[in-house]
Amino acid sequence: MEITNISEYEGIAKQKLPKMVFDYYASGAEDQWTLQENRNAFSRILFRPRILIDVSKIDMATTVLGFKISMPIMIAPTAMQKMAHPEGEYATARAASAAGTIMTLSSWATSSVEEVASTGPGIRFFQLYVYRDRNVVAQLVRRAERAGFKAIALTVDTPRLGRREADIKNRFTLPPFLTLKNFEGLDLGKMDEANDSGLASYVAGQIDRTLSWKDVKWLQTITKLPILVKGVLTAEDARLSIQAGAAGIIVSNHGARQLDYVPATIMALEEVVKAAQGRVPVFLDGGVRRGTDVFKALALGASGIFIGRPVLYSLAAEGEAGVRKVLQMLRDEFELTMALSGCRSLSEITRNHIVADWDRPQPLARL
């Protein structure tokens, strides 16, 4: 069967993966309202395409934190990729590199920063969870730096793990033949079985709930790498991120896996962009499945987007070739959207190219 869009990979992954693994990747928190909303919100934004513009040449290239990439489509950090495919993060790293874009490696990867660096050249960011033991954090950041990673994506929305009921039902734990590779030498690489979610128990034991803005400052004292604050959904926190020295902001609700009933990231984006006032770039993750979604995010002021689940599903389905295909399909759709909207470069994508349902004047109720 010819795969014609990214979403088809989810069905293939569901057939191929053990239930515990698929449910872990696929599920959101509690009622999963935000999980649906991350997708649905895109459908409430329509295009205002401009016509009769010479679109024979289209340039999708951009720079992120000074690094040139082929398109504003990057790979978000997703944990434990070897549960999806034996090559796991190796395959994802190679696919990102081949596509000329950025891969973000999860703290909870099943391949270490050194292993991912060994796959060859590429621009890579490292996603960081702050553990209670700050020596662990400092060590990890130094290793990422030494391995040539170019930025830290600090996840700030996880002082505790969101309630993911599928993981509780399945008593989710890391399969015995895998470890959280970055923590192997620190005796933190294994996840014990628990009466509920093994990951939730692990987080409760290891992740620092006291994390605050002063820690964003502390991080800057232990590394020269730029820090992206990942998990911002409000103007207030956007401003505080910039005050704390963030080099960029990732508007994210953690793939709808933390607090349910937060807005879709595409709904929160414009508020954050306005608060940032162009001082730092703002990126988005959550719910992107089409090139049209990428265009909508850029029209609302994002400097680029990150994809998570499509990488896991395509990795499960076809390994590295699947991830390459996802990046290529998204790129092709985005290029077509630009052409049909009359945009030849990213700088030509403006707020005037879209109309959102919140733009239309609300009719006044008749008394």
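No experiment lies behind these values; they were computed from the predicted model shown. (Residues numbered from 1 in each chain as written. Predicted model: local features only at pLDDT ≥ 70, side-chain atom pairs only at ≥ 80, totals over all residues. Heavy atoms only, no water.)

## Quick word on the side chain of E37
So, step 1. By secondary structure assignment, the location of E37 is in helix α3 (residues 33-40).
So, step 2. A polar side-chain atom of E37 sits 2.4 Å from a polar atom in the side chain of R44.
So, step 3. Beyond its immediate sequence surroundings of up to four residues, E37 is in contact with R44, A264 and M267. (Helix = DSSP H or I, 4+ residues; strand = E, 2+ residues; numbered from the N terminus. Polar contact = N/O pair within 3.5 Å; in protein donor to acceptor, adjacent residues only side chain to side chain. Contact = heavy atoms within 4.5 Å.)

## So, the pairing of strand β7 (residues 151-155)
So, step 1. Here β7 lies mainly inside the structure; five of its five residues are buried.
So, step 2. In the sheet, strand β6 (residues 124-128) pairs with β7 via four bridges, with the strands oriented parallel. Within β7, the position partnered with Q127 by the bridge is A153.
So, step 3. Of the crossover connections in this fold, the one passing from β6 over helix α6 (residues 134-146) to the parallel β7 is right-handed. (Buried < 20%, exposed > 50% of the residue type's maximum accessible area, 1.4 Å probe, protein only. Pairing = 2+ DSSP bridges. Right-handed = clockwise from strand over helix to strand, strands pointing away.)

## Things to note about the UniProt feature "active site" (unreviewed entry) in the protein chain
So, step 1. The positions UniProt marks with the feature "active site" (unreviewed entry) are H254.
So, step 2. Note on placement: H254 falls in the loop between β9 (248-251) and α11 (265-276).
So, step 3. Overall, the relative accessible area of 10% leaves H254 in the buried class.
So, step 4. With sequence-adjacent residues up to four places away left out, H254 is seen in contact with Y129, T155, D157, T158 and R164. (UniProt positions renumbered as here; feature names shortened; annotations may be inferred.)

## Section: the nonpolar core
So, step 1. Counting residues in hydrophobic clusters, the biggest one holds 110 residues, and the most contacted among them are M80, W108, L128, Y131, I266 and F334.
So, step 2. Here Y131 is in contact with W108, V136, V137, F183, L188, Y202, Q206, I207 and D208, once residues within four sequence places are set aside.
So, step 3. Counting residues in each nonpolar core, the second largest holds 12 residues, with A76, I102, L228 and I250 among its members. (Core = buried A, V, L, I, M, F, W, Y, C linked by side-chain atoms within 4.5 Å.)

## Let's talk about unusual backbone geometry
So, step 1. Located in the positive-phi region is L65, a residue other than glycine, with phi close to 50°.
So, step 2. Residue placement: L65 occurs in the loop between β2 (62-64) and β3 (67-69).
So, step 3. For A256, which is not glycine, the phi dihedral falls at a positive 65°.
So, step 4. When its relative accessible area of 0% is taken as the criterion, A256 is described as buried.

## Here's the deal with the pattern of salt bridges
So, step 1. Counted by the stated rule, this structure contains 17 salt bridges.
So, step 2. The salt bridge involving R163 is made with E165; its shortest N-O contact spans 3.5 Å.
So, step 3. Here E165 falls in the partly exposed class, since its relative accessible area comes to 32%.
So, step 4. Across the salt bridge formed by R351 and E270, the nearest N and O atoms sit 2.6 Å from each other. (Salt bridge = Lys/Arg side-chain N within 4 Å of Asp/Glu carboxyl O.)

## With respect to the environment of S197
So, step 1. Mapped onto the elements of the fold, S197 is located in the loop between α7 (165-170) and α8 (198-206).
So, step 2. With relative accessibility at 4%, the residue S197 sits in the buried group.
So, step 3. Separated by 42 residues in the primary sequence, S197 and T155 have C-alpha atoms spaced 20 Å apart.

## Examining the environment of F126
So, step 1. Within the secondary structure, F126 sits in strand β6.
So, step 2. Taking the relative accessible area as the measure of exposure, F126 reaches 0% and is therefore buried.
So, step 3. For F126 and V141, which are 15 residues apart along the polypeptide, the C-alpha to C-alpha distance reads 8.3 Å.
So, step 4. Setting aside chain neighbours within four positions, we find F126 in contact with T104, L105, S106, S107, V113, L140, A144, F149, A151, I152, A153 and N182.

## Observations regarding α3
So, step 1. Turning to α3, its buried residues are T34, L35, E37 and N38. Down the axis of α3, the sector holding all buried residues measures 165°, keeping them to one side. (Arc of directions from axis to C-beta.)

## Re the side chain of S345
So, step 1. If you trace the backbone, S345 turns up in the loop between α13 (309-341) and β12 (354-356).
So, step 2. Not counting residues within four places of it along the chain, the set of residues in contact with S345 comprises D59 and M338.

## Thoughts on the environment of I227
So, step 1. Topologically, I227 is positioned in strand β8 (residues 227-232).
So, step 2. On the basis of relative accessible area, I227 is assigned to the buried category, the value being 2%.
So, step 3. When sequence neighbours within four positions are dropped, the list of residues in contact with I227 reads I152, L154, V216, L219, Q220, A246, A247 and G248.

## Observations regarding the packing of α6 against helix α9 (residues 213-222)
So, step 1. Packing of α6 against α9 leaves a shortest axis separation of 10 Å and a crossing angle of 50°. On the basis of the axis angle, α6 is oblique to α9. Relative to α9, the crossing made by α6 is right-handed. Facing R134, V137, A138, V141 and E145 of α6, the residues of α9 in contact are D215, W218, L219 and I222.
So, step 2. Of the residues belonging to the contact of α6 with α9, the class tally is six nonpolar, no polar and three charged. (Axes fitted to C-alpha atoms, helices over the stretch in contact; angles between N-to-C directions. Parallel < 35°, antiparallel > 145°, perpendicular 65-115°, else oblique. Left-handed = near helix turned anticlockwise from the far one by under 90°. Nonpolar A, V, L, I, M, F, W, Y, C, P; charged D, E, K, R; others polar.)

## Looking at α9
So, step 1. Considered for burial, the residues of α9 that qualify are D215, V216 and L219. Down the axis of α9, the buried set is contained in an arc of 110°. They therefore lie on one face. In α9, the exposed positions that point more than 90 degrees away from the buried face belong to K214 and T221.
So, step 2. Considering only its buried residues, α9 is in contact with β6, α6, β7 and β8.

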